[in-house]
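Chain by chain, the residues run as shown.
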Amino acid sequence: MSDAIGIAYSPCPNDTFVFDAWAHGRVPGAPELDVTFADIDVTNGMAERGEGDVLKVSYAVLPWVLEEYALLPCGGALGRGCGPLVLTAEPGGPASLAGKRVAVPSERSTAYLLFRLWAASEVPGGVGEVVVMPFHEIMPAVRDGKIDAGLVIHEARFTYQEYGLHKLADMGEHWEATTGLPIPLGAIIAKRSLGEETLRNLADSARASVRAAWRDPETARPYVAAHAQEMDPAVADQHIALYVNEFTESLGEDGYGAVRALLSRAAEEGLVPPLPADALVFP
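Residues numbered from 1 in each chain as written. Predicted model: local features only at pLDDT ≥ 70, side-chain atom pairs only at ≥ 80, totals over all residues. Heavy atoms only, no water.

(A) Focus on the sheet that holds strand E9 (residues 149-152). Strand order in the open sheet made by the five strands is E8-E7-E9-E6-E10, with mixed pairing throughout. One side of each edge strand has no neighbouring strand; the edge strands of this open sheet are strand E8 (130-132) and strand E10 (166-170). Strand-to-strand twist in this sheet, taken as the mean axis angle between neighbours without regard to direction, amounts to 30°. One ladder, built from four bridges, connects strand E6 (residues 85-88) with E10; its direction is antiparallel. If you follow leucine 85 over to E10, its bridge partner there is aspartate 170. (Pairing = 2+ DSSP bridges. Helix = DSSP H or I, 4+ residues; strand = E, 2+ residues; numbered from the N terminus. Axes fitted to C-alpha atoms, helices over the stretch in contact; angles between N-to-C directions.)

What follows is the structure in structure tokens.
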């Protein structure tokens, strides 16, 4: 596969749904893909080291990588009603988190930036220690009292009650109430060194792949199921419905506005470096 484009994305249903047609050669004119499956923490690290032609990363990592990578205007995940949740073992309000230990799955994630922006305005005096913990360990740790609260993403929106946990706050609701914009979660980026023609072809291919999945979702189902083996099919369908939407097909004005708002607010709080004015411009 020497001429193939190396791409890394997660085994999550939204990514396998989006890339099914392209990965299986069903997008006319699209370059062949050499697919690596990796969680977004891994792909974020790959981007920071300049590894990989095309990567699915968190929007939160863009300020560190946009000199080497271009943001594709499609293929990623933004949405409404899909924000990260802060979970606790007992019911409470934001003030109950003051000075408390909170587990997060990553410090290079939109979830983390949304949480820090929320805490800065809603938790008097701020939270205490922030502990990075593997995603699958967070809900059990909150349940077992090893941590005071946990920040969770993705399918945990649908499963947290199985752990007897309570939703203290929805970061997405806060973001949407204060900005009116969708939540920028996962971005597709590609090496600028591939050249403008290839970058445009990659964007066209990603857009065609998601359209193919929408036209014939049953064809994508085996690929989705194969990489989400422990996930209930109904949960996988909910996952896809939340994260594959109009912004996956095209970021559009609201999508770009959401990315700029997130990263500029985070920069004002000192959470990320400032973004150059033209950094999001696609070739």
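(B) Local environment of the packing of aromatic side chains. As enumerated under the stated definition, the model contains five aromatic pairs in all. Ring geometry for phenylalanine 19 and tryptophan 22: centres 6.0 Å apart, planes at 40°, overall tilted. Linking phenylalanine 19 with tryptophan 22, this pair stays in helix H1 (residues 13-23), spanning three residues, or about one helical turn. Take phenylalanine 19 and tryptophan 22: they sit in the same class, and that class is buried. Between phenylalanine 37 and tyrosine 223 the ring centres are 6.2 Å apart and the planes differ by 55°, which places this aromatic pair in the tilted class. One end of the pair, phenylalanine 37, is in strand E2 (residues 33-37); the other, tyrosine 223, is in helix H9 (residues 217-227), and 186 residues separate them in sequence. Pairwise contacts between aromatic rings join Tyr9, Phe19, Trp22, Phe37 and Tyr223 into one cluster. (Phe/Tyr/Trp six-rings, centres within 6.5 Å; stacked < 30°, edge-to-face > 60°. Buried < 20%, exposed > 50% of the residue type's maximum accessible area, 1.4 Å probe, protein only.)

(C) Focus on the pattern of salt bridges. Throughout the structure, instances matching the rule amount to 13 salt bridges. Close ionic contact of aspartate 15 with lysine 56 constitutes a salt bridge, the shortest N to O distance being 2.4 Å. Highlighted residues: aspartate 15 in helix H1 and lysine 56 in strand E3 (residues 54-58), separated in sequence by 41 residues. By relative accessible area, lysine 56 is classed as buried at 6%. A salt bridge links glutamate 196 to arginine 200, with the shortest nitrogen-to-oxygen separation between them at 3.5 Å. (Salt bridge = Lys/Arg side-chain N within 4 Å of Asp/Glu carboxyl O.)

(D) Geometry of the environment of glutamine 229. Relative to the elements of secondary structure, glutamine 229 occurs in the loop between H9 and helix H10 (233-243). Judged by its relative accessible area of 69%, glutamine 229 falls in the exposed class.

(E) Spotlight on the packing of helix H4 (residues 110-122) against helix H12 (residues 252-268). Here H4 crosses H12 at 55°, and the two axes come no closer than 10 Å. Classified by the angle their axes make, H4 and H12 are oblique. Every pair of crossing elements has a handedness; the one defined by H4 and H12 is left-handed. Of the residues in H12, those in contact with Thr110, Leu113, Leu114 and Leu117 of H4 are Leu262, Leu263, Arg265 and Ala266. For the contact of H4 with H12, the class distribution of residues is six nonpolar, one polar and one charged. (Parallel < 35°, antiparallel > 145°, perpendicular 65-115°, else oblique. Left-handed = near helix turned anticlockwise from the far one by under 90°. Contact = heavy atoms within 4.5 Å. Nonpolar A, V, L, I, M, F, W, Y, C, P; charged D, E, K, R; others polar.)

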